[in-house]
Amino acid sequence: MRLKTEAKDDIRLDKWLWAARFFKTRALAKAAVESNKVHYNKARAKPSRGVEIGATLRLQIGTEEKTILVLQVHGNRRGAPDAQTMYMETDESVLKRQQNAEQRKTMNLTSHAPDHRPNKKERRDLIRAKSNMSDS
């Protein structure tokens, strides 16, 4: 007979991130934790770290960084409305993400997309100009 070593409320960090729907698979959650994109109470964590209620997690997902507080701990993946009750994002994190989104929008407005794809001659001119810049 095999005994279960972890308690019912002792859920692994990667499993909790998956259950809270931050990542689509546990493998992605584990990879994010291992690559230091997830910090548990301002320290690096391992995927097997137990999650506790009241803990602070800092997640870097793509270009966004979220700071969340753990409100509930369960390892079962549930629907999105239920998953959102497992955590609360801090006000500072929400404000910072909104500021970054506004900044990205203004950056996109200032950079313009070309009107058309370059034809063969224009493409050769671009390549020639780029190679002249890298030579000097």
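Engineer: Is there a simple way to explain the overall build of the protein in this structure?
Structural biologist: Within the protein, the regular secondary structure consists of five helices and seven strands. In sequence order, the protein lays out its α and β elements as β-α-α-β-β-β-β-β-α-β-α-α. By the compact-globule yardstick of 14 Å for 136 residues, the protein is too spread out, its C-alpha radius of gyration being 22 Å. For the protein, the spread of C-alpha atoms along the principal axes amounts to about 75 × 35 × 30 Å. Partitioning the contacts of the protein with sequence separation of at least 6, the portion at a separation of at least 24 is 43%. Of the roughly 10400 Å² of accessible surface on the protein, a fraction of 52% belongs to carbon and sulfur atoms. Across the protein, the mean location of the 29 positive side-chain charges is 6 Å away from that of the 17 negative side-chain charges.

Engineer: Can you walk me through helix 5 (residues 120-135) in this structure?
Structural biologist: Note on helix geometry: an α-helix contains 3.6 residues per turn, so any two residues three or four positions apart are oriented the same way. With 16 residues, helix 5 extends 23 Å between its outermost C-alpha atoms, agreeing within 8% with the 22 Å of an ideal straight helix rising 1.5 Å per residue. A side-chain oxygen of the first residue of helix 5 lies 3.2 Å from the backbone nitrogen of K121; this N-cap is N119.

Engineer: Whenever I open this one, the packing of aromatic side chains confuses me. Can you help?
Structural biologist: When we look at a pair of aromatic rings, we describe it by the centre distance and by the angle of the planes. One pass over the structure, following the stated rule, counts two aromatic pairs. Measuring from ring centre to ring centre gives 6.3 Å for W16 and F22, while their planes differ by 35 degrees; the resulting arrangement is tilted. In terms of burial, W16 and F22 fall into one category: buried. Plain terms: the ring middles of F22 and Y87 are 4.6 Å apart, the flat faces sit at 45 degrees to each other, and that makes the pair tilted. Here Y87 lies in strand 7 (residues 87-89) and F22 lies in the loop between helix 1 (13-19) and helix 2 (26-34), a separation of 65 residues in the sequence. Judged on exposure class, the residue F22 and its partner Y87 are both buried. By the ring-pair criterion, three or more aromatic residues cluster together here, those being W16, F22 and Y87.

Engineer: Honestly, the pairing of strand 5 (residues 56-61) in this entry has me stumped. Any pointers?
Structural biologist: Inspection of the sheet shows strand 2 (residues 38-40) paired to strand 5 by three bridges, in the antiparallel sense. Note on strand 5: the bridge partner recorded for Y40 is L57. Bridge count between strand 5 and strand 6 (residues 64-70): six bridges; the pairing is antiparallel. Of the residues in strand 6, the one forming a bridge with R58 is T67. In textbook terms, the turn of a hairpin is the stretch between consecutive antiparallel strands, and for strand 5 and strand 6 this stretch comprises two residues, one of which, G62, has a positive phi near 65 degrees.

Engineer: I'm lost on the nonpolar core in this one. Help?
Structural biologist: Here is a general trend for soluble globular proteins: nonpolar side chains tend to be buried in one another's company. Counting residues in hydrophobic clusters, the biggest one holds 23 residues, and the most contacted among them are L13, W16, L17, F22 and L57. Looking at this core element by element, the count peaks at four residues for helix 1. Those residues within four positions of W16 in sequence are excluded, and the remaining contacts are I11, F22, V51, L57, I68, V70, Q72, V73, H74, M86 and Y87.

Engineer: Please clarify how the side chain of H74 should be interpreted in this entry.
Structural biologist: Structurally, H74 is set in the loop between strand 6 and helix 3 (80-83). A polar atom in the side chain of H74 sits 3.0 Å from the side chain of Q72. A distance of 3.2 Å separates the side chain of H74 from the side chain of R78, its partner in a polar contact. Beyond its immediate chain neighbours, meaning those up to four positions away, H74 contacts I11, W16, A19 and M86.

Rules of the game
Starting from 1, residues in each chain are numbered consecutively following that chain's sequence as written. In keeping with the model being predicted, local features are shown solely for residues with a pLDDT of at least 70 and side-chain atom pairs are shown and tallied solely at 80 or more, while totals for entire chains, interfaces and linings include all residues. Where side-chain values are given, they derive from all heavy atoms of the structure, hydrogens and water being excluded. Helical segments are the DSSP runs of H or I of at least four residues, strand segments are the runs of E of at least two, and each set is numbered from the N terminus. In this treatment the radius of gyration is a C-alpha quantity, and the globule benchmark scales as 2.2 Å times the residue count to the 0.38 power. Any two residues whose heavy atoms approach within 4.5 Å at even a single point are treated as in contact. Each accessible area value is a Shrake-Rupley result obtained with a 1.4 Å probe; residue values ignore everything except the protein chains displayed when judging cover. Residues counted as positive are Lys and Arg, residues counted as negative are Asp and Glu, and His and the chain ends are not counted. A single reference atom marks each charge: NZ on Lys, CZ on Arg, CG on Asp, CD on Glu. By definition here, a helix of n residues has an expected span of 1.5 Å times n minus one. Pairs of N or O atoms are called polar contacts if they sit within 3.5 Å, as long as, within protein, a hydrogen donor faces a hydrogen acceptor (for residues adjacent in sequence, only side-chain-to-side-chain pairs). Here is the rule: rings of Phe, Tyr and Trp (six-membered ring for Trp) pair when centre to centre is within 6.5 Å. Planes less than 30 degrees apart are stacked, more than 60 are edge-to-face, and the remainder are tilted. Burial here depends on accessible area, computed with a 1.4 Å probe over protein chains only, as a share of the maximum for the residue type. Under 20% is buried, over 50% is exposed, and the range in between is partly exposed. Strands are treated as partners if at least two bridges between them are detected by DSSP. What makes a nonpolar core is a set of buried Ala, Val, Leu, Ile, Met, Phe, Trp, Tyr and Cys residues whose side-chain atoms join them at distances within 4.5 Å.

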